[in-house]
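Here are the chains, one letter per residue:
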Amino acid sequence: MDRRLLTGLVGLAFVPAVVSIAALIAPHLALSPLWTDITAFAGATLTTLVALSLLSRGSLHRWLRIALFVAAPLTVLAIALSNGQRPAHAIAIAASLTVFGHVLGDFIGHHIEDPGHLLPASIVASVADVVSVLHPSGPSHSVIASEHGLSWMAVAFPVPGTSALAPAIGVGDLLFIALLLAAARRHALPWRRGVLLIAAGIAVAGFVSYSLEAAIPALPAIGLAFIAGIPGARKLRGSGRDDYRIRVGDYRVLYEVDDSAGMVRIMRVRHRREAYR
């Protein structure tokens, strides 16, 4: 069997396998409240991150990807309509959300034409995520406020000492992670460093959420960690080593940063239709 295909298949099976095993072990664990929260959060986020990493490195047949993309939301919808509350339902939702996030995020990431586009993409996605979570009428705010809605839109992981599964990371975060990994692979960015940076961003978001005892959007921390740790993700390909760009309305400003002199030089200002020619 082709190695990349095998890696992709392992990625597909990773989440349901790990969550199922954890569900068998969790009721027999006795941890402090702090470590209980850490274990459930870290279990969900690390399991999905490993699965997305394997899927990113692997290769699945085009028709299998299409079938998974269609089957995943239908599975979640069927469980939601039947009001499924059993651990098996949570495991199926976790697997479905991970697969859906990978297929869609991977598709978008592979169509990002320049690694420098990851910066504005991260900014837009982060702002949208923050508004969605914090605004009373935001979709994510409504999902978080609904116990059932959250269980259908976020990957859950077994809570030590109980038979319950607690939701920890949403499908939007999974999609964004898959997008970053796909773009990193396409443009030969340091992929392994990217995975570690994403993990660091998730950890920061989890720490802040625990400290404030409130739901905190993880996507901004993930995007910030990735962009800050990989310079190539904020530079236009084909530009000079220290060239950067920023959008101002319909115009693009290309500029150079001279760290030694503490200066920023404006190289050119062009309409967006002409800036990259």
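Up top you'll find the structure we're talking about.
In this text, all values refer to a predicted model and were calculated from it rather than measured experimentally. For every chain, the first residue of the written sequence is number 1, and numbering continues from 1 onward in sequence order. Two thresholds apply to this predicted model, a pLDDT of at least 70 for residue-level local features and 80 or more for giving and counting side-chain atom pairs, whereas whole-chain, interface and lining totals are computed over all residues. As a rule here, side-chain values come from all non-hydrogen atoms in the structure, and water together with hydrogens is ignored.

A. Examining the pairing of strand β2 (residues 165-170) more closely. At least two DSSP bridges between two strands are needed for those strands to be called paired. Secondary structure elements follow DSSP: runs of H or I no shorter than four residues count as helices, runs of E no shorter than two count as strands, and numbering proceeds from the N terminus. As judged from the five bridges shared by strand β1 (residues 154-158) and β2, these two strands associate in the antiparallel manner. Following the sheet pairing, A156 is matched in β2 by P167. In textbook terms, the turn of a hairpin is the stretch between consecutive antiparallel strands, and for β1 and β2 this stretch comprises six residues, one of which, G161, has a positive phi near 85 degrees.

B. Spotlight on a nonpolar patch on the surface. Within the patch definition used here, like charges are joined within 9 Å and nonpolar side chains (Val, Leu, Ile, Met, Phe, Trp, Tyr) within 5 Å, considering only residues with over 30% relative accessible area and no salt bridge. Each accessible area value is a Shrake-Rupley result obtained with a 1.4 Å probe; residue values ignore everything except the protein chains displayed when judging cover. What makes a salt bridge here is a side-chain nitrogen of Lys or Arg within 4 Å of a carboxyl oxygen of Asp or Glu, nothing more. A surface patch of nonpolar side chains, about 870 Å² in accessible area, is lined by I21, L24, I25, L29, L31, L34, W35, I38 and Y210. Put simply, the parts of the chain that give the nonpolar patch at least two residues each are α1 (3-25) and α2 (33-57). The residue W35 is located in helix α2 in this model.

C. Just unusual backbone geometry, in detail. For A188, which is not a glycine, the phi torsion comes out positive at approximately 55 degrees. Residue placement: A188 occurs in the loop between α8 (171-186) and α9 (191-212). The phi angle at E213 is positive, at roughly 55 degrees, despite the residue not being glycine. In this fold, E213 is placed in the loop between α9 and α10 (219-229). Given the relative accessible area of 75%, E213 is considered exposed. Buried means the residue's accessible area, taken with a 1.4 Å probe over protein chains only, is under 20% of the maximum for its type, while exposed means over 50%, and partly exposed covers the values in between.

D. Geometry of a positive patch on the surface. When charges are counted, neither His nor the chain ends are considered; positive counts come from Lys and Arg and negative counts from Asp and Glu. Charge placement uses NZ in Lys and CZ in Arg. For Asp and Glu, CG and CD serve respectively. Among the surface-exposed residues, R3, R4, R57, R185 and R192 lie close enough to one another that they form a single positively charged patch. One can find R185 in helix α8.

E. Summary view of the pairing of β1. Burial within β1 is extensive, with five of its five residues counted as buried. Burial along β1 is two-sided: the residues A154, A156 and P158 and V155 and F157 are all buried.

F. Quick look at the side chain of T36. Checked against the element boundaries, T36 lands in helix α2. On the accessibility criterion, T36 (12% relative accessible area) is buried. Residue contacts follow a heavy-atom distance rule, with two residues in contact if any of their heavy atoms lie within 4.5 Å. Among all residues touching T36, those that are not within four sequence positions of it are L31, V159 and P160.

G. Examining helix α5 (residues 118-134) more closely. For a helix, the expected span equals 1.5 Å multiplied by the residue count minus one. Taking 1.5 Å per residue as the helical rise, α5 with its 17 residues ought to reach 24 Å, and the 24 Å between its terminal C-alpha atoms agrees with that figure. Looking only at α5, the buried set comprises L118, S122, S126, D129, S132 and V133. The arc enclosing the buried residues of α5, seen along the axis, measures out at 135 degrees, which places them on a common side. Turned more than 90 degrees off the buried face of α5, the exposed positions are V124 and L134. Comment: arc refers to directions from the helix axis out to C-beta atoms.

H. A look at the packing of aromatic side chains. Here a pair means two rings of Phe, Tyr or Trp (six-membered ring of Trp) with centres within 6.5 Å. Their orientation is stacked below 30 degrees between planes, edge-to-face above 60, and tilted elsewhere. For the structure shown, the criterion picks out one aromatic pair. A centroid spacing of 5.1 Å and a plane angle of 10 degrees characterise the contact between F69 and F100, whose relative ring orientation is stacked. On the criterion of sequence distance, the pair formed by F69 in helix α3 (residues 62-81) and F100 in helix α4 (residues 87-110) is long-range, its members being 31 residues apart. In this structure, R62 packs its charged tip against the face of W63, placed 5.5 Å from the ring centre. The rule for a charge over a ring is simple: NZ of Lys or CZ of Arg within 6 Å of the ring centre, and within 35 degrees of the ring normal.

I. Looking closely at the packing of α1 against α4. Two elements in contact, α1 and α4, have axes whose closest approach is 9 Å; the angle formed by their N-to-C orientations is 155 degrees. If you check the angle between α1 and α4, you find them roughly antiparallel. For the crossing formed where α1 meets α4, the hand is right-handed. Across the interface between the two elements, L12, V15, P16, V19 and S20 from α1 touch I91, A94, A95, T98 and V99 from α4. Split into classes, the residues belonging to the contact of α1 with α4 amount to eight nonpolar, two polar and no charged. To define axes, lines are fitted to C-alpha atoms, for helices over the stretch in contact only, and angles between the resulting N-to-C directions are given on a 0 to 180 degree scale. Here the angle decides the label: under 35 degrees means roughly parallel, over 145 means roughly antiparallel, 65 to 115 means roughly perpendicular, and every other value means oblique. Crossings are sorted by hand: turned counterclockwise from the far helix by less than a right angle, the near helix makes the crossing left-handed, and turned clockwise it makes it right-handed. For this classification, Asp, Glu, Lys and Arg are treated as charged, while Ala, Val, Leu, Ile, Met, Phe, Trp, Tyr, Cys and Pro are nonpolar and the rest, including Gly, are polar.

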